[in-house]
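Structure assessment
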Amino acid sequence: MTKPFKQLTRSVKLYLILLIISTVGILYGTLFPVDYSVPRSFYGLDKFVHFVMFGAWTFFFGIVRFLKGNFKLMTIFMGGSAFGVLIEVLQHLLPTGRSPELLDLVADITGTAAAVIILYILSKTVTQFSPTPHDNAI
């Protein structure tokens, strides 16, 4: 494995920064008040955006947990799913003009699941991402 790739797989600061950026992006994108109408051509695209946002967030969350020595895929999945539920609950509670949607939550959890699958594949194929023998991957 090349030296830059080894450094990238061990850079907890990088992934922590990406996790923070994605967290801020999700909070801004889902909880910031809106007063515009969405063009019809974008209907349905928001579900894809939810999928990608929560997939990326879960991936970064999982990598940070791995690099800190706590790589449990079920915990990572539950963390991403809980974050999605929290966003939908906050959309209901906060006066932002946003409304919670079940399909948004489904997209959030599906993106989370996709990230967990990618993390699982990485843990089995890339030695730097493999948990130590005493760790449980699931």
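Our subject is the structure that appears above.
Residues numbered from 1 in each chain as written. Predicted model: local features only at pLDDT ≥ 70, side-chain atom pairs only at ≥ 80, totals over all residues. Heavy atoms only, no water.

**Some words on the side chain of His50**
For the record, the criterion: Numbering goes from the N terminus for both helices and strands, where a helix is a DSSP run of H or I of at least four residues and a strand is a run of E of at least two. A contact between two residues is defined here by any heavy atoms of the two lying within 4.5 Å.
Relative to the assigned elements, His50 resides in helix α3 (residues 45–67). Setting aside residues no more than four positions away along its own chain, His50 makes contact with Thr30, Glu88, Asp104, Ala107 and Asp108.

**Some words on the pattern of salt bridges**
Formally: A side-chain nitrogen of Lys or Arg and a carboxyl oxygen of Asp or Glu constitute a salt bridge if their distance falls within 4 Å. Residue burial is assigned from relative accessible area. The probe radius is 1.4 Å, only protein chains are included, and a residue is buried under 20% of its type maximum, exposed over 50%, and partly exposed in between.
The final tally for this structure, using the stated rule, is 3 salt bridges. Of the charged contacts, one joins Lys47 and Asp46 as a salt bridge, the two residues approaching to 2.9 Å between their closest N and O atoms. A salt bridge links Asp104 to Lys47, with the nearest nitrogen and oxygen atoms 2.7 Å apart. Here Asp104, found in helix α5 (residues 102–125), pairs with Lys47, found in helix α3; they are 57 residues apart in sequence, far enough to count as distant. For the residue pair Asp104 and Lys47, the accessibility class agrees, reading buried in each case. A cluster of three or more residues bridged by salt bridges with shared partners is formed by Asp46, Lys47, Glu101 and Asp104.

**Description of the nonpolar core**
In plain terms, the rule: In this description, a nonpolar core means a group of buried Ala, Val, Leu, Ile, Met, Phe, Trp, Tyr and Cys residues linked to one another through side-chain atoms lying within 4.5 Å.
If you look at the biggest cluster of nonpolar residues, it comprises 19 residues, and the most contacted ones within it are Ile26 and Ile76. Going through the elements one at a time, α2 (12–31), α3, α4 (73–93) and α5 are the ones with two or more residues in this core. With 8 residues, α3 is the single largest residue contributor to this core.

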